[in-house]
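Given next are the chains, with one letter for each unit.
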Amino acid sequence: MVSRWQIPRIDDGQVDALCRQLGLRRLTAEVLVRRGMGEPEHAHKFLTPRLADLRSPKGIADLDRALERLVQAVGERETVGVFGDYDVDGVTSAAVLTSGLRALGGVVEARCASRSGGYGFTLAAAERFVAAGCTLVITADCGTSDHASIGWLRERGVPVVVIDHHQVPRGDHVALALVNPHRDDDRFAFKGLASCGLAFYLVGALRTRLKQLGNPRAAAWDPRELLDLVALGTVADVMPLTHENRALVAAGLRTLSTRRRPGVAALAQVSAMEADRDVTAVDIGFRLAPRLNAAGRLGDAQLALDLLLAPDAERALRLAQALDEQNRRRQEIQEAVLAAADAEVAALVRDAGGQVPAALVVGDEGWHHGVVGIVAAKLVDRYARPSLVIGFEGERGRGSARTVPGFNLYRALADTAGHLEVFGGHAAAAGLTIRRAELEAFRAAFVGVARVWQEHSEDNAGIEVDAVVQLADLDLAGAEDLARLAPFGCGNAEPLLALCRVTASSSRVVGGSHLQLTLSQEGVVSDAIAFGMAEQAPAPGVRLDLLGCFEVNAFRGSRRPRLRVKHIFEPEVD
């Protein structure tokens, strides 16, 4: 096998057993075995995720305390303030809580953060809830570190329930209840729930509690109506699609595909999604989530929350069109910042003698803080390095970080916190505030942490692939069988396949930057697409080694197998 990639050895007996007992194609069985699911029972459970397999919420810290106060609030018709952060997880968490509480008879004042208002649950937001007459506040995807505003509310007799999944700082919290899987005393087995998943568990448990108390609304309402929101937030926040999340997202995608929620139907419409096509995790990541995120990135996320809570199609379409327009503005701003960031990276590479540093830290005046997270993710894709992008306004900058597999951003920022004013987030994504005077020292410290990790990592044996295949293996039945491993995302990547010595019969550039390929091997001819790889167009007749993902391409009612190329190599000499 060529040295550019590696393939873990597997037990062929396990592959044969999966094929025989579960009726799988050999390619699907190989992928399952290589991913540690060689036992038929384990593989079957993975291939058929069920809500019935979700574990009881028993063990979630402070859940009972939160439920006790919510039962009182619903029963006494108190006005409950719900506050969500400005990203998709925050918005969907707020929508889950608002929809669930209202369905159970609660009175809710629902708000979302504004990026211009600053990170987290601010004092200004707390003041607005008091002015609205709220006697209980729930924060969604924020609040763990917002002691000042929560303490201010407590002094005025307004308790706060925090629903969050960001890292918990040392010291006592001041909320009535902190529902966060990263608490030391949290005993729920799965730590990968997004805030929207935690919110779903909370309203589900509240429904059970109220049903036991004879609440007729609880008896009539089904929390599964909220799973489309949970799928949106979980995928958008790049949470691991394993264990509970796999079941929640699989069910949520089915609910999304019905488009029963007016806001979802309108969002799909402005995203140019075919009405009769099932929604996938890829659709969330590349079509739905960017539009929902646009409001929070450029201003006030309330627009996105209003869309998800819209009661009718007419209002939903107006809001979705407004979000679509904001998304176009976001794309223009993003491209400008990305070009400037690329120029800074090129300068860093020159200063390093042509070597890409172990981590990338770039920033400048006026870079819109609403797009720095996306730009950081783009730099990770381009340079395969942990990346941090900072937008400065005068002497203070706000930045976002994204990372490569295995490098824990939260830990790295904790190790370099002496140069920062504030930081927060989790292993895969984080944010910070920094003084301009600290930028160079912070960059050196952060790159140093990444260099130590890089030197000790084992990522030097080439790209790990799931299987080596022939072009003849890539038929529609094989693509449909492989799709049973979906939903794909963090923790369950699309299977990466290697094809050796395939002839590129022809190629053409489509859409300005994409490459359409016609491939042949031993008499078999097939098409492939390589997104964003137009500059790598091969000459006709050249033999190639390819790495790519195999998928079903559904378009205008037809379903065809397609290889989506990720890497193109010239074959190494034997």
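## Brief notes about the sheet that holds strand β8 (residues 387-393)
Stage number 1. Spatially, β7-β8-β9-β11-β10 is the arrangement adopted by the five strands of the open sheet, whose pairing is mixed. In the strand order of this sheet, the two ends are held by β7 (360-365) and β10 (422-425), each with one partner. Geometrically, the sheet is characterised by an average inter-axis angle of 15° between neighbouring strands, direction not taken into account.
Stage number 2. Pairing geometry for β8 and strand β9 (residues 396-402), over seven bridges, is antiparallel. Note on β9: the bridge partner recorded for F392 is G397.
Stage number 3. Running at roughly 165° to β7, helix α18 (residues 439-456) makes contact with β7, β8 and β11 (429-435) of the sheet.

## Concerning the environment of P159
Stage number 1. The topology assignment puts P159 in the loop between α7 (147-155) and β5 (160-163).
Stage number 2. Counting along the chain gives 132 residues from P159 to L27, while the straight-line C-alpha distance between them is 54 Å.

## Considerations on the sheet that holds strand β3 (residues 107-112)
Stage number 1. Spatially, the five strands line up as an open sheet ordered β3-β2-β4-β5-β6, and their pairing is parallel. The open sheet is flanked by β3 and β6 (177-179), the only strands paired with a single partner. Averaged over all neighbouring strand pairs, the angle between strand axes comes to 15°, with direction disregarded.
Stage number 2. Note: strand β2 (residues 79-84) against β3, six bridges, orientation parallel. Note on β3: the bridge partner recorded for V82 is A110.
Stage number 3. Relative to the sheet, helix α6 (residues 123-131) contacts β2, β3 and β4 (136-140), its axis offset from that of β2 by approximately 160°.

## A closer look at the packing of helix α4 (residues 63-75) against helix α8 (residues 195-212)
Stage number 1. Two elements in contact, α4 and α8, have axes whose closest approach is 10 Å; the angle formed by their N-to-C orientations is 60°. The orientation of α4 relative to α8 falls into the category oblique. The way α4 lies across α8 gives a crossing that is right-handed. On α8, the residues that touch L63, D64, A66, L67, L70, V71 and V74 of α4 are L202, A205, L206, R209 and L210.
Stage number 2. When its residues are assigned to classes, the contact of α4 with α8 shows 10 nonpolar, no polar and two charged.

## Describing the environment of W367
Stage number 1. With respect to the helices, strands and loops of the structure, W367 is situated in the loop between β7 and α16 (372-383).
Stage number 2. Sequence separation between W367 and G391 is 24 residues; the distance between their C-alpha atoms is 4.3 Å.
Stage number 3. Those residues in contact with W367, other than ones at most four positions away along the chain, are V337, A340, A341, E344, V362, V389, I390 and G391.

## Re the nonpolar core
Stage number 1. Of all hydrophobic cores here, the largest spans 100 residues; its most connected members are L101, F121, I284 and L292.
Stage number 2. If you tally residues by element for this core, the top one is α8, at 10 residues.
Stage number 3. Look past the residues within four positions of L101 in its chain and what remains in contact with it is L70, V74, V80, V82, G106, V108, I138 and L206.
Stage number 4. Residues M37, L546, L563 and V565 belong to the second largest nonpolar core, which totals 37 residues.

## Quick look at the state of the cysteines
Stage number 1. With the rule as written, the count across this model stands at zero disulfides.
Stage number 2. There is no disulfide at C112, and the cysteine sulfur nearest it, in C142, is 8.7 Å away.
Stage number 3. Of the residues examined, C112 reaches a relative accessible area of 6% and is grouped as buried.
Stage number 4. The thiol sulfur of C490 is not disulfide-bonded, and the nearest other cysteine sulfur, from C196, lies at 14 Å.
Stage number 5. For C490, a relative accessible area of 34% gives the class partly exposed.

## A look at helix α15 (residues 313-351)
Stage number 1. Along its 39 residues, α15 runs 55 Å from first to last C-alpha, staying within 8% of the 57 Å computed at 1.5 Å per residue.
Stage number 2. Between the side-chain oxygen of the N-cap and the backbone nitrogen of E314 there are 3.2 Å, and the N-cap of α15 in question is D312.
Stage number 3. At the C-terminal side of α15, G353 shows a positive phi close to 70°.

## Considerations on the pattern of salt bridges
Stage number 1. This structure, assessed with the given rule, holds 32 salt bridges.
Stage number 2. In this structure, R224 and D222 form a salt bridge, with 2.8 Å as the shortest nitrogen-oxygen distance.
Stage number 3. Residue D222 is classed as partly exposed on the basis of its relative accessible area, which comes to 26%.
Stage number 4. Each of the salt bridges in this network shares a partner with another, and the network as a whole consists of D12, D16, R26, E30 and R34.

## What to know about helix α10 (residues 227-236)
Stage number 1. The element α10 is extensively covered by neighbouring structure, given that nine of its 10 residues are classed as buried.
Stage number 2. All of the buried residues in α10 are L227, D228, L229, V230, A231, L232, G233, T234 and V235.
Stage number 3. Just past α10, the residue V238 takes up positive phi, approximately 55°.

## Details of the pairing of β8
Along any regular strand the residues' side chains alternate between the sheet's two faces.
Stage number 1. Among the seven residues of β8, six are classified as buried, and the element is accordingly described as predominantly covered.
Stage number 2. Here β7 runs beside β8; their pairing, made up of six bridges, is parallel. Each bridged residue has a counterpart across the sheet, and for V361 the counterpart in β8 is L388.
Stage number 3. Note on the crossover from β7 through α16 to β8: the handedness is right-handed.
Stage number 4. Taken together, β8 and the strand that follows it, β9, pair antiparallel across an intervening segment of two residues, in which G394 is found at a positive phi of about 70°.

## Observations concerning the pairing of β3
Stage number 1. Residue alternation in β3 divides its side chains into a buried set, V108, A110 and C112, and an unburied set, V107, E109 and R111.
Stage number 2. For the crossover that starts at β2, traverses helix α5 (residues 88-103) and ends in the parallel β3, the hand is right-handed.

Basis of the calculations
Residues numbered from 1 in each chain as written. Predicted model: local features only at pLDDT ≥ 70, side-chain atom pairs only at ≥ 80, totals over all residues. Heavy atoms only, no water. Pairing = 2+ DSSP bridges. Helix = DSSP H or I, 4+ residues; strand = E, 2+ residues; numbered from the N terminus. Axes fitted to C-alpha atoms, helices over the stretch in contact; angles between N-to-C directions. Contact = heavy atoms within 4.5 Å. Parallel < 35°, antiparallel > 145°, perpendicular 65-115°, else oblique. Left-handed = near helix turned anticlockwise from the far one by under 90°. Nonpolar A, V, L, I, M, F, W, Y, C, P; charged D, E, K, R; others polar. Core = buried A, V, L, I, M, F, W, Y, C linked by side-chain atoms within 4.5 Å. Buried < 20%, exposed > 50% of the residue type's maximum accessible area, 1.4 Å probe, protein only. Disulfide = S-S within 2.5 Å. Expected span 1.5 Å × (residues − 1). Polar contact = N/O pair within 3.5 Å; in protein donor to acceptor, adjacent residues only side chain to side chain. Salt bridge = Lys/Arg side-chain N within 4 Å of Asp/Glu carboxyl O. Right-handed = clockwise from strand over helix to strand, strands pointing away.

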